[in-house]
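# Per-entry structural report
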Amino acid sequence: MSSSDIFIGETIGTAILILLGGGVCAAVTLKASKARNAGWLAIAFGWGFAVLTAVYTSAPLSGAHLNPAVTLALAIKDDDFGNLPVYWGGQLLGAMIGAALVWVAYYGQFHAHLTDREIVGGPGAQATTSARVKAVEAEEPAAGPVLGVFSTGPEIRHAVQNLATEIIGTLVLVLAILTQGLNDEGNGLGTLGALITALVVVSIGLSLGGPTGYAINPARDLGPRIVHALLPLPNKGGSDWSYAWIPVVGPLIGGAVAAGIYNVAFA
């Protein structure tokens, strides 16, 4: 694979991943969406199908890493770090493109949601407990009311636990990929491998996603968070940069640990 193939493949694949994954979050979250309140099962399976589609599309070009933690783990496993910057660059760019496309696809819903007084508070808001809670959430400088469409955040803010959760979830994902995903020729995930990996992502979401929203991918979280900070969304609130390091550092640690386990137990 050439550097250009890697960069293009990772950009396209990660863009598709975030478009479909972020899209299901928007569908479930935004008030004027037909799928609003569809629940956690919809999110978990939506992200799993997003992985399946993205991997199947981009594998012929780049091997479909789509995740800096996966790329780091493979570099450690093979002791080859030469293409690491190319992979990471494509993944971050693709994640940002995918997040911007979610905004385009749900443009009207974002505007309706973020100008609804029950969501953002202010004059005209109903005097109900629900409205007051939502108003407080919207005014919280750390995380705005639609940040969850773009990036992850903890239900209980505890840095050590949040970091550990991301490490554990990513370890499971990457170890599953290393043990059954990439073939010896480096041609990427085959069709069955893509399906298995997608189902692993669904399993992680259902089992380990509750505490932090399971980023398990630094580009998936950082790229859309940057887009959230840049987009002209009304009443969007903060991008929670104080938390942003956890879904970056945690998955990278998890990927490195998974590679170490693979080299000791499976190589």
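Read on for an overview of the structure. (Residues numbered from 1 in each chain as written. Predicted model: local features only at pLDDT ≥ 70, side-chain atom pairs only at ≥ 80, totals over all residues. Heavy atoms only, no water.)

### Brief notes about the overall build of the chain
Along the backbone of the chain there are 12 helices and 0 strands. Listing each helix as α and each strand as β along the chain from the N terminus yields α-α-α-α-α-α-α-α-α-α-α-α. Counting only residues that meet the buried cut, the chain has 50% of its 267 residues in that class. A fraction of 78% describes how many contacts in the chain between residues 6 or more apart in sequence connect residues 24 or more apart. If you sum the accessible surface of the chain, you get close to 11600 Å²; carbon and sulfur atoms cover 66% of it. (Helix = DSSP H or I, 4+ residues; strand = E, 2+ residues; numbered from the N terminus. Buried < 20%, exposed > 50% of the residue type's maximum accessible area, 1.4 Å probe, protein only. Contact = heavy atoms within 4.5 Å. Areas by Shrake-Rupley, 256 points an atom, 1.4 Å probe, with all protein chains shown as cover.)

### Remarks on the packing of aromatic side chains
Taken as a whole and assessed by the stated rule, the structure comprises 5 aromatic pairs. Judged by centre distance (5.7 Å) and plane angle (65°), the ring pair of tryptophan 103 and tyrosine 107 falls under edge-to-face. Summarising the aromatic geometry, the rings of tyrosine 262 and phenylalanine 266 are spaced 5.8 Å apart at their centres and angled 20° between planes, so their arrangement reads as stacked. Look at phenylalanine 266 and you get partly exposed, because its relative accessible area is 48%. (Phe/Tyr/Trp six-rings, centres within 6.5 Å; stacked < 30°, edge-to-face > 60°.)

### Notes on a nonpolar patch on the surface
Together, Phe7, Ile8, Ile12, Leu93, Ile97, Leu101 and Val104 make up an exposed nonpolar region whose accessible area comes to about 550 Å². Taken together, the elements giving at least two residues each to the nonpolar patch come down to α1 (3-29) and α4 (84-105). Top element by residues in the nonpolar patch is α4. It accounts for 4 residues. With respect to the secondary-structure elements, leucine 101 resides in helix α4. Relative accessible area serves as the criterion here: at 38%, leucine 101 is assigned to the partly exposed category. (Patch = residues over 30% accessible without salt bridge, like charges linked within 9 Å, V, L, I, M, F, W, Y side chains within 5 Å. Salt bridge = Lys/Arg side-chain N within 4 Å of Asp/Glu carboxyl O.)

### A look at the packing of helix α9 (residues 159-180) against helix α12 (residues 246-265)
Interhelical geometry of α9 versus α12 gives an angle of 45° and a closest axis separation of 7 Å. Taken together, the axis directions place α9 and α12 in an arrangement best described as oblique. Our pair here, α9 against α12, has a crossing hand that is right-handed. Across the interface between the two elements, Ala159, Asn162, Leu163, Glu166, Ile167, Thr170, Leu171, Val174, Leu175, Leu178 and Thr179 of α9 pack against Ile246, Val249, Gly250, Pro251, Ile253, Gly254, Gly255, Val257, Ala258, Ala259, Ile261 and Tyr262 of α12. Looking at the contact of α9 with α12 residue by residue, the class counts come to 16 nonpolar, 6 polar and 1 charged. (Axes fitted to C-alpha atoms, helices over the stretch in contact; angles between N-to-C directions. Parallel < 35°, antiparallel > 145°, perpendicular 65-115°, else oblique. Left-handed = near helix turned anticlockwise from the far one by under 90°. Nonpolar A, V, L, I, M, F, W, Y, C, P; charged D, E, K, R; others polar.)

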